[in-house]
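Breakdown of the fold
What follows is the residue order along each chain.
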Amino acid sequence: MDPSLRSPNGFLSSLTDDDFELIRPYLRTVDLVQDTVLAEVGEKLSRIYFPHRGVISLVVNLARGERVQVAMIGRDSLFGSMSLLAGGDPVVLNSAAVLVPGAASVVDIDKVRAAAEQSPSFRALMLRHALAIYVQSQQTAGCNAAHTVESRLARCLLQTHDLSGGNKLYITQEALAQMIGARRNSVSLVASTLQQADFIHYSRGHIEIIDLDGLKKTACECYGTVKAHYENLVRPRSVP
């Protein structure tokens, strides 16, 4: 089967025909509704998500109520691999919520576990995707500690563009603050700066990316580093 006809999700389209057939009968499509919490940390994970469109945000919840994003998952990967590969009962390691609306294939976790146990190549691909998400979370932690709010926001907008496949995004100011680990007033000021530079158009949570090259010049090295690690770990086939 032509992988491009199999699924708009990069993980699913990169499976061999035999591996894809292990879960194909159980896949179903759901809408990813913005701000929907898909899983809370500590819960038992029941489903694996393979986004077609939209972006899932992995979030750390702090004791005083702050929520900080540590990674994003879009149409090139899957949510739930790290919990499943940890062994035992699959417990959610980071809260997950829909950052950008879209759609996804979902499958019960026991079907994915059975496929991983039956096929070494299926399990190996899941492991590479899990490592790519882990590397992204580590890079994000360093980025939030060391880089300016402006460069962090540019990085996150570029990543969201890549994962969602669109130039027009609706992301609330609160969500932007979670994405970069900053206060909302700092996000507002920096978004205005990027707008004045004609890199984006920003109004009441509606963001249109106008100049990708300008954002890339503003972003820190973490944007390129995460992309390079992903390519080295996963080497996915192209997602249309």
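Above: the structure in question.
Overview of the nonpolar core
With 37 residues, the main nonpolar core has Phe-11, Tyr-49, Ile-56, Leu-58, Phe-79 and Phe-122 as its most contacted residues. Setting aside residues up to four positions removed in sequence, Ile-56 forms contacts with Leu-32, Leu-38, Tyr-49, Pro-51, Ala-71, Met-72, Ile-73, Phe-79, Ala-96, Ala-97 and Leu-99. Residues Ile-180, Val-187, Leu-194 and Ile-209 belong to the second largest nonpolar core, which totals 30 residues.

Brief notes about the pairing of strand E8 (residues 206–209)
Residues Ile-207 and Ile-209 line the buried face of E8, whereas the alternating positions His-206 and Glu-208 sit on a face that is not buried. Pairing between strand E6 (residues 168–170) and E8: 3 bridges, direction antiparallel. Following the sheet pairing, Lys-168 is matched in E8 by Glu-208. Note: strand E7 (residues 200–203) against E8, 4 bridges, orientation antiparallel. By the bridge assignment, Ile-200 is partnered in E8 with Ile-209.

With respect to helix H11 (residues 222–234)
Along its 13 residues, H11 runs 18 Å from first to last C-alpha, staying within 8% of the 18 Å computed at 1.5 Å per residue. Turning to H11, its buried residues are Cys-222, Tyr-223, Val-226, Tyr-230 and Val-234. Viewed along the axis of H11, the buried residues span an arc of 110 degrees, placing them on a single side of the element. Where the residues of H11 are buried, they touch helix H6 (120–146), helix H7 (149–164) and helix H10 (212–218). Looking one or two residues past H11, Arg-235 carries a phi angle of roughly 45 degrees, positive in sign.

Concerning the side chain of Ser-77
Relative to the assigned elements, Ser-77 resides in the loop between strand E4 (67–73) and helix H4 (81–85). Given the relative accessible area of 4%, Ser-77 is considered buried. Of the polar contacts made by the side chain of Ser-77, one reaches the side chain of His-129; its length is 2.8 Å. Once residues lying within four places of it in the same chain are set aside, the contact partners of Ser-77 are Asn-9, Phe-11, Tyr-49, Phe-50, Pro-51, His-129 and Ile-133.

Regarding the layout of surface pockets
Reported here for the second largest pocket is a volume of approximately 340 Å³. Lining the second largest pocket are 13 residues, with Glu-66, Arg-67, Val-68, Ala-182 and Arg-183 positioned closest to its centre. The set of elements that each furnish at least two residues to the lining of the second largest pocket consists of E4 and helix H8 (173–180). Per-element tally for the lining of the second largest pocket: the top contributor is H8, with 3 residues.

Thresholds applied
- Residues numbered from 1 in each chain as written.
- Predicted model: local features only at pLDDT ≥ 70, side-chain atom pairs only at ≥ 80, totals over all residues.
- Heavy atoms only, no water.
- Core = buried A, V, L, I, M, F, W, Y, C linked by side-chain atoms within 4.5 Å.
- Buried < 20%, exposed > 50% of the residue type's maximum accessible area, 1.4 Å probe, protein only.
- Contact = heavy atoms within 4.5 Å.
- Helix = DSSP H or I, 4+ residues; strand = E, 2+ residues; numbered from the N terminus.
- Pairing = 2+ DSSP bridges.
- Expected span 1.5 Å × (residues − 1).
- Arc of directions from axis to C-beta.
- Polar contact = N/O pair within 3.5 Å; in protein donor to acceptor, adjacent residues only side chain to side chain.
- 1 Å grid on protein atoms, 1.4 Å probe; cavity = no way out; pocket = protein on both sides within 12 Å on 5 of 7 lines; lining within 4 Å.
- Points joined across faces, edges and corners; volume = space filled by probe spheres on them.

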